[in-house]
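Per-entry structural report
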Amino acid sequence: MGLASFAPRLDDEGNSIQGVEMFARLSADLGLHLMASERRDVAQRLREFSGD
């Protein structure tokens, strides 16, 4: 998967402030943490968010 964001305000490391926040929320909402010990069904989560 590849995702990108563009927003003009950058933090001290050169990352988009709004982009970092968006990806943190997306990761939390979909359970996409790299070190998560349980497997999550991302497709099911997306269906829950879309209301299907």
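Quick caveat, the model's predicted, so the values are computed rather than measured. (Residues numbered from 1 in each chain as written. Predicted model: local features only at pLDDT ≥ 70, side-chain atom pairs only at ≥ 80, totals over all residues. Heavy atoms only, no water.)

Of regular secondary structure, the protein chain possesses two helices and zero strands. Counting the 52 residues in the protein chain, one finds 10% classified as buried. Total accessible area on the protein chain is roughly 4,700 Å²; 53% of this is exposed by carbon and sulfur atoms. (Helix = DSSP H or I, 4+ residues; strand = E, 2+ residues; numbered from the N terminus. Buried < 20%, exposed > 50% of the residue type's maximum accessible area, 1.4 Å probe, protein only. Areas by Shrake-Rupley, 256 points an atom, 1.4 Å probe, with all protein chains shown as cover.)

A separate point is the side chain of Ser 16. Tracing the backbone shows Ser 16 in the segment before helix 1 (17–30). With a relative accessible area of 12%, Ser 16 lands in the buried category. Only 3.0 Å separates the side chain of Ser 16 from the backbone nitrogen of Gly 19, close enough to count as a polar contact. (Polar contact = N/O pair within 3.5 Å; in protein donor to acceptor, adjacent residues only side chain to side chain.)

Moving on: helix 1. Since the α-helix advances by 3.6 residues per turn, residues separated by three or four positions end up pointing in the same direction. In this model helix 1 runs 20 Å from its N-terminal to its C-terminal C-alpha over 14 residues, within 8% of the 20 Å that 1.5 Å per residue would give. Looking one or two places after helix 1, you find Gly 31, whose phi comes out positive at around 65°. (Expected span 1.5 Å × (residues − 1).)

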